[in-house]
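What the coordinates show
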Amino acid sequence: MFTEKQVQDAITLRHTLHQHPELKYQEAQTAKLAAERLRALGYKVTEGIATTGILAELDTGREGSVIAFRADMDALPIHEANTFGHRSQHEGLMHACGHDGHTATLLLAAEAIMEKRDELCGHLKLIFQPAEEGGNGADAMVKAGVLENPRVEAMFGYHNRPGFPEGQLFVKPGPAMGGNDTFKVTINGVSGHAAMPHLAIDPIYVGASLVQQLQGLVARHKSPLESGVITVASFHAGDAANVIPGSAELMVNIRSDRPSSREALAGKLEQVIKGVCDAHGARFKLEHIHQIPPLANDPEWSERVLELASEYAVSNDIQKLDYMPTMGAEDFAFYLQEVPGCFFFVGNGDSAYLHNEHYDFNDNILPVAGGMFVALAKGLLSRS
């Protein structure tokens, strides 16, 4: 599907991107490099969408479907521990989630697709998105209108997965990745002397009770046939050994696999906090800091991805999963709330895990992931 030179060029590009990571909404040089390559290939390119996003379009001029592919571009504030030649040159910044590989993948596919443009019909949109890492860049791109004019009918993207066999392509129909809700809880009590707790309202005691009670939502409110988890990720209060502090602050992270599990957990959070605080005479403030919906693949489009992967021999290891591969969140879910589609996965092999200082995207999977995008273009936009 790709020439040896095309793959080697994609590897070189991926290494360049890895050396120059940029944080969310700061991907100026990454976007510039991608836009220049896309224009050189013949795509109509619009830059500066949702700050640094790119929309590249191939209008074949022939009636047909409108589909879209997406790559994310941002890096993470992590100090890289790798020592290879293409390690990050920006101290404290690192492509620790493989977005350098995702960008290189879609650029590799873009070249092969353009070579086949005379065999295609319809309209293809390539979306290079900023700020997947905590910035809800997908939501910003949707609000900027990338799915309109013309309206996208089906949307596709992917993520590399460490811990799965190198080059394995797999799809989970239905719920495929967790939603992410992050809350800040401030518990306000009454400060006092450690020797006279009856004259105070201890926010640490109230907070400790809350930590315990929240797990009841997982155990007794969420269906055991659905997935979800609640983590109290931080708990800060007080700084003196003989003082009951006046307030405590907790960060609560909730993962869910579908709207019903999200409602059972995030939807009941305030009720539980109020009950615990009321029982002890404390007050509280609840702030919703960040939210990504659960990612659910359309079952029919999931089957189509698997069919095309086999038809075009994209990988020699193609799997349909019947379990959630991860509860990690992915803002591609915002696109799937608007249009049907499928977010597939490609095994990264036995590498360090995502967001680890030793992680690196596996260059050997570029032809597999890129090949899946090409197969989708051929299969869904073919003139025959």
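Because the structure is predicted, anything quoted here is derived from the model rather than measured.

Thoughts on the overall build of the chain
Within the chain, the regular secondary structure consists of 10 helices and 16 strands. Here the C-alpha radius of gyration of the chain, 23 Å, is about what a compact globule of 384 residues would show, namely 21 Å. Its C-alpha atoms put the chain at 80 × 45 × 35 Å along the principal axes. Buried residues in the chain amount to 54% of all 384 residues. Within the chain, contacts between residues separated by at least 24 positions form 82% of all contacts whose residues are at least 6 apart in sequence. Counting 31 positive and 48 negative side-chain charges, the chain places the averaged centre of each group 4 Å from the other.

So, the UniProt feature "domain: Peptidase M20 dimerisation" (unreviewed entry) in the chain
Per the UniProt record, the feature "domain: Peptidase M20 dimerisation" (unreviewed entry) sits at residues 179-275. The span residues 179-275 shows a helical share of 33% and a strand share of 34%, and its end C-alpha atoms are spaced 25 Å apart.

With respect to the sheet that holds strand 16 (residues 341-349)
Consider a sheet: its strands pair through backbone hydrogen bonds, and that pairing is either parallel or antiparallel. Taken together, 8 strands build an open sheet; the order of strands is 1-2-4-3-5-16-6-15 and the sheet is mixed. Lying at the two open borders of the sheet, with one neighbouring strand each, are strand 1 (44-49) and strand 15 (318-320). On average, each strand axis in the sheet is inclined to that of its neighbour by 20°, with strand direction left out of account. Sheet topology note: the strand 6 (residues 169-171)/strand 16 ladder contains 2 bridges and is antiparallel. Directly across from F170, in strand 16, lies its bridge partner F345.

So, the side chain of H159
Within the secondary structure layout, H159 lies in strand 5 (residues 154-162). Residue classification places H159 among the buried residues on the basis of a relative accessible area of 4%. Among all residues touching H159, those that are not within four sequence positions of it are C97, H99, H102, E330, F343, F344, F345, V346 and L354.

Notes on the pairing of strand 2 (residues 53-59)
For strand 2, a buried count of 6 out of 7 residues is recorded, marking the element as mostly surrounded by other parts of the structure. Bridging between strand 1 and strand 2 involves 4 bridges; their strand directions are antiparallel. By the bridge assignment, V45 is partnered in strand 2 with A56. With 6 bridges connecting them, strand 2 and strand 4 (residues 123-129) associate as antiparallel partners. Looking at strand 4, one finds that L58 is bridged to L124.

Digging into the sheet that holds strand 10 (residues 228-236)
Strand order in the open sheet formed by 4 strands is 10-12-8-13, and the pairing between neighbours is antiparallel. Here the strands that pair on one side only, and so sit at the sheet edges, are strand 10 and strand 13 (283-292). Sheet twist, expressed as the mean angle between neighbouring strand axes with direction ignored, is 20°. In this structure, strand 10 lies alongside strand 12 (residues 247-256), joined through 8 bridges in antiparallel fashion. Of the residues in strand 12, the one forming a bridge with V229 is R255. Sheet strands in contact with helix 5 (residues 203-220) are strand 8 (179-188), strand 10 and strand 12, and its direction is about 170° off that of strand 10. Sheet strands touched by helix 7 (residues 269-280): strand 8, strand 12 and strand 13. Its angle to strand 13, the strand with the most contacts, is close to 160°.

Notes on the packing of helix 3 (residues 99-115) against helix 10 (residues 366-381)
As a packed pair, helix 3 and helix 10 sit with axes 8 Å apart at the nearest point and diverge in direction by 45°. One finds that helix 3 runs oblique with respect to helix 10. Our pair here, helix 3 against helix 10, has a crossing hand that is right-handed. Here helix 3 contributes G101, A104, T105, L106, L108, A109, A112 and I113 to the contact with helix 10, which in turn contributes L366, P367, A369, G370, F373, V374 and A377.

What to know about the packing of aromatic side chains
Overall, the coordinates contain 11 aromatic pairs when judged by the stated rule. Ring plane angle 15° and centroid distance 5.2 Å describe the contact between F170 and F345, whose orientation is recorded as stacked. Of this pair, F170 sits in strand 6 while F345 sits in strand 16, placing them 175 residues apart in sequence. Pairwise contacts between aromatic rings join F69, F156, Y158, W301, F344 and F373 into one cluster.

Considering the environment of M196
The topology assignment puts M196 in the loop between strand 9 (192-193) and helix 5. The class of M196 is partly exposed, set by a relative accessible area of 36%. On a C-alpha basis, the gap between M196 and I244 in space is 9.1 Å, while along the polypeptide they are 48 residues apart.

Some thoughts on the side chain of K172
Counting through the fold element by element, K172 comes out in the loop between strand 6 and strand 7 (174-177). Here K172 sits buried without a salt bridge, and the closest side chain of opposite charge, D257, lies 7.3 Å off (N-O distance). Those residues in contact with K172, other than ones at most four positions away along the chain, are N297, S302, L321, D322, Y323, M324 and P325.

Rules used throughout
- Sequence order as written defines the numbering, with residues in each chain counted from 1.
- Given that the model is predicted, a residue must reach a pLDDT of at least 70 before its local features are reported, and side-chain atom pairs must reach 80 or more before they are shown or counted; all residues, however, enter totals for whole chains, interfaces and linings.
- Heavy atoms throughout the structure, all of them, feed into the side-chain values; hydrogens and water do not.
- Think of it this way: any DSSP run of H or I at least four residues long counts as a helix, any run of E at least two long counts as a strand, and we number them from the N terminus.
- Here the globule rule reads 2.2 Å times residues to the power 0.38, and the radius of gyration is calculated from C-alpha atoms.
- Exposed residues in this analysis have more than 50% of their type's maximum accessible area, buried residues have under 20%, and partly exposed residues fall in between, with area computed by a 1.4 Å probe over protein chains only.
- Residue contacts follow a heavy-atom distance rule, with two residues in contact if any of their heavy atoms lie within 4.5 Å.
- Charge counting follows a simple rule: Lys and Arg are positive, Asp and Glu are negative, and His as well as the terminal groups are ignored.
- In this description, the location of a charge corresponds to atom NZ of lysine, CZ of arginine, CG of aspartate or CD of glutamate.
- UniProt positions are given in the numbering used here, feature names are shortened, and annotations may be inferred rather than shown by experiment.
- Note on pairing: DSSP must find at least two bridges between two strands before they are called paired.
- The angle between two axes is taken between their N-to-C directions and runs from 0 to 180 degrees, where each axis is a line fitted to C-alpha atoms and a helix contributes only its stretch in contact.
- Relative orientations are named as follows: roughly parallel for angles under 35 degrees, roughly antiparallel for angles over 145 degrees, roughly perpendicular for angles from 65 to 115 degrees, and oblique for any other angle.
- Crossing handedness: left-handed means the near helix sits turned counterclockwise from the far one by under a right angle, and right-handed means the same turn made clockwise.
- The rule is short: rings of Phe, Tyr and Trp, with Trp giving its six-membered ring, pair when the centres are within 6.5 Å, and they are stacked under 30 degrees, edge-to-face over 60, tilted in between.
- Salt bridge, as used here: a side-chain nitrogen of Lys or Arg that lies within 4 Å of a carboxyl oxygen of Asp or Glu.

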